[in-house]
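# Structural features, examined
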Amino acid sequence: MSQKLTGAEMVVEALKDNGVEHVFGYPGGAVLPIYDALFQQEDVEHILVRHEQGATHMAEGYARSTGRVGVVLVTSGPGATNAVTGLTDALLDSIPLVCITGQVPTSLIGSDAFQECDTVGITRNCTKHNYLVKNIRDLARVIHEAFYIAASGRPGPVVIDIPKDVQFALGEYTRPAAAIQHQSYSPRTEGDLGAIEEAIELMSRAERPVFYTGGGIINSGPRASELLRELADLTGFPVTSTLMGLGAFPASDEKWLGMLGMHGTYEANMAMHDCDLMLNIGARFDDRITGRIDAFSPNSTKVHVDIDPSSINKNVDADLAIIGDCGHVLEEMVRLWRTRTNAPRTGEIKPWLEKIEQWRAINSLHYKNSTKVIKPQFAIERLAEAVRGRDVYITTEVGQHQMWAAQYFPFEKPNRFMTSGGLGTMGYGLPAAVGVQVAHRDALVIDIAGEASVQMTCQEFSTAIQFRLPIKVFILNNEYMGMVRQWQELLHGSRYAHSYSESLPDFVKLAEAMGGRGIRCEDPALLDEAIGEMLEHDGPVLFDCRVEKQENCLPMIPSGKAHNEMILPDTANISDIIDEKGKVLV
Amino acid sequence: MSPNLRPSGSAYFLTAVSNKKERHTLSVLVDNEPGILARIAGLFSARGYNIESLTVSETEHEQGLSRITVVTVASPKVLQQIKLQLERLIPVHRVHDLTAEGNPLERELALVKVAGEGENRVETLRLAEAFRAKVVDASTSSFVFEITGKTSKIEQFISLMVPLGLVEVVRTGLAAISRGPEGM
């Protein structure tokens, strides 16, 4: 069945047909027809942002907390270029987005028209795919295809650039096909059974196994997390995870090792280094994880499960590659394991588990607390304690506070931790929290922030006010770009070039100026009460938590070092640990 | 268990031995849509891969498909990445490493302009004949030759023309196809 619609009406109709309920956007000349069509209906709610970068991060938070596609609508030129950071962020973290950008009319393309930019040219390398729709006949098909491409396979952002004359043009609208068949794009989701059987064989013989899990499990859907828990229980193997995979395995489980990588726990990194079987499920051997690559887990057989064939052997060679969706592969693994045994191998790998307990006993996350000043780690522990038992969604900005959140906040469920992993985008957390809250109106959503990052996108607090989204922004304010300062201490003789946050706003007044609530706390003794006040307030809150200014984020694998060369919290002088070769690394 | 699967020890050290760069010819079947060439070229530049030669033209008109031939120089590990990264692009149907699959037929066309007088003109024509280069334009003081063949043959012809008055050269880049009855 088809009907005649304008391009703008088609956009709205296609959004509805793809199950879209919320769009994050900002109007402008080249998208006015679409805004007019949005205005005349009530099924799709539009969230007006303050800056297009905010819209993209909101859509990311929305997508990551729901598993659905996040939708962004922006105008041509600056609207599109402002969205580029969020699109790149979504590409690196495999977040499904559809970003519709307005474009100048086709007759003006290439003439340097007002608010014209080469949107498809600019976004080509920061999207999974992009389209310029020059003909109304292609519009409906392209939008449906964009949703399919964004959400399927390894998810990612897709841009649809629509010139203004196409938005006005009349054409036939076709509804999405039940199953989209694409000529050249057909991601493989089912892992090769023979390879999975080989993995099970390796697992049945391993003496020092470890699960190294990543964002692929979250992207696969909640079922994959359940299966991971089941497989870990069935085998008795310990589990560590990347930043992007936190929540897929419960932090309260005794098999949980904590996060691995540059700021991972000692037990997680030592287990990675000394294991004889590494089961990488949905992670990509990122440089934050591997450390020095020629010393990375030297004696292990590596099994790599990934939906993207290009992830295999990209950074670390796999002994056994299984290309497929984590959920499917885990399902098969659980099934095959059950055909062999019902008893976990805890007894057989006992020496390994004991070794891990010795590493765990080092307690690499310990820190010296204080009664005079709030330690950032303490602040996160108290926050976690205050929300214990509640279903809470955490977002973060980027920097020390992000790592402390990953280290000290216990995540129990998937889709509850939204953070910028691959791109490391400061300013991600506040808008992401807004997006999460749009999707989960009654949930508790907290952005664990730093005072430097939050200033990059804090105007979106005003968006939260406008749409009555009671996000809590918990700022660990140390008056420094803490991670930059830490690296200057490590590498540059503690010369803190431009990493001091000078002329900070009064965050309490800032919140009040935008119509929200501001709370400040600088006394550890008053922290619990202040956090309670934040949680009780029925509206957006900026919480200015004044913390120890020069605290370092430890443990740490310094750049250029291996997993077994970590800096532990008691290291007195960190400034001469990194050698010349490591200094050039990021 | 497959025989190539080692019970212990990492593959990392075992395959790291082959870091030698090799020249490979890839054939890429793509949808002939606007921007496809920019996508391919952009991927190579963004990821730091090397392009020695790149040719593109629509080959299957009804289906709107183009064949792109890329010559690249990389280590085996990077070559594998290039192939997989190309396959990630949505409009890319298939990527074949023709060099890895066998000894492909490779041809290039060049137009070579040579100017000169007297003995040099005779020598120029004699060499052109030996190389089966065709005269496609002539004046009293110049020739333009059309020459087809492997890259090495064209290189050789050009170098012989240098002392005889070579003015300029244009080349199409490599077109390559696999031998035998199988198509891509």
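Before going into details, it helps to say that this report is about the structure given with it.

### Comments concerning the overall build of chain A
When you go through chain A residue by residue, the secondary structure sums to 23 helices and 20 strands. The C-alpha atoms of chain A give 24 Å as radius of gyration, which agrees with the globular expectation for 586 residues (25 Å, within 12%). Projecting the C-alpha coordinates of chain A onto the three principal axes gives extents of approximately 70 × 60 × 45 Å. The 586 residues of chain A split such that 57% are buried. In chain A, 77% of the contacts between residues at least 6 apart in sequence involve partners at least 24 apart.

### Considerations on the pairing of strand β6 (residues 129-132) of chain A
Residue and element names in this part refer to chain A. Residues His 129 and Tyr 131 of β6 are buried on one face, and the alternating residues Asn 130 and Leu 132, pointing to the opposite face, are buried as well. In the sheet, β6 pairs with strand β7 (residues 157-163) via four bridges, with the strands oriented parallel. Note that in β7 the partner of Asn 130 across the bridge is Val 159. Crossover handedness for the path β6 to helix α6 (residues 136-151) to β7: right-handed.

### A look at the packing of helix α15 (residues 376-386) of chain A against helix α16 (residues 400-408) of chain A
All names here are of chain A. Following both chains from N to C, one finds α15 and α16 inclined at 50°, their axes separated by 9 Å at the closest point. Taken as axis vectors, α15 and α16 run oblique relative to one another. The interaxial crossing formed by α15 with α16 has right-handed handedness. Mapping the contact onto sequence places Pro 376, Gln 377, Ile 380, Glu 381 and Ala 384 in α15 and His 401, Trp 404, Ala 405 and Tyr 408 in α16. Looking at the contact of α15 with α16 residue by residue, the class counts come to six nonpolar, two polar and one charged.

### Describing the sheet that holds strand β13 (residues 301-306) of chain A
Residues and elements named next belong to chain A. Taken together, the six strands give an open sheet; going across it, the order is β11-β10-β9-β12-β13-β14, and neighbouring strands pair in parallel fashion. Both outer strands of the open sheet, β11 (256-259) and β14 (320-323), are each paired with one neighbouring strand and no more. On average, adjacent strands in this sheet sit at an angle of 15° to one another, irrespective of strand direction. Bridge count between strand β9 (residues 209-213) and strand β12 (residues 277-281): five bridges; the pairing is parallel. Across the sheet, Tyr 212 pairs through a bridge with Asn 280, a residue of β12.

### Re the packing of helix α11 (residues 266-274) of chain A against helix α14 (residues 350-361) of chain A
Residues and elements named next belong to chain A. Where α11 contacts α14, the two axes come as close as 8 Å, and the packing angle between them is 145°. The handedness of the crossing between α11 and α14 comes out as right-handed. Facing α11, whose interface residues are Tyr 266, Glu 267, Met 270 and Ala 271, α14 presents Ile 356, Trp 359 and Arg 360. Residues of the contact of α11 with α14, tallied by class, amount to five nonpolar, no polar and two charged.

### Some words on the sheet that holds strand β3 (residues 65-74) of chain B
Residue and element names in this part refer to chain B. Pairing within the open sheet is antiparallel, and its four strands lie in the order β2-β3-β1-β4. Either end of the sheet is taken by a strand with one partner, and the two such strands are β2 (53-60) and β4 (92-97). Along the sheet, successive strands turn relative to each other by an average axial angle of 20°, direction set aside. Across five bridges, the pairing between strand β1 (residues 22-31) and β4 is antiparallel. Looking at β4, one finds that Val 30 is bridged to Val 92.

Calculation rules
- Residues numbered from 1 in each chain as written.
- Chains lettered and ligands numbered in written order.
- Predicted model: local features only at pLDDT ≥ 70, side-chain atom pairs only at ≥ 80, totals over all residues.
- Helix = DSSP H or I, 4+ residues; strand = E, 2+ residues; numbered from the N terminus.
- Rg over C-alpha atoms; globule rule 2.2 N^0.38 Å.
- Buried ≥ 20, exposed ≤ 12 C-beta atoms within 10 Å, placed from the backbone.
- Contact = placed C-beta atoms within 7 Å.
- Pairing = 2+ DSSP bridges.
- Right-handed = clockwise from strand over helix to strand, strands pointing away.
- Axes fitted to C-alpha atoms, helices over the stretch in contact; angles between N-to-C directions.
- Parallel < 35°, antiparallel > 145°, perpendicular 65-115°, else oblique.
- Left-handed = near helix turned anticlockwise from the far one by under 90°.
- Nonpolar A, V, L, I, M, F, W, Y, C, P; charged D, E, K, R; others polar.

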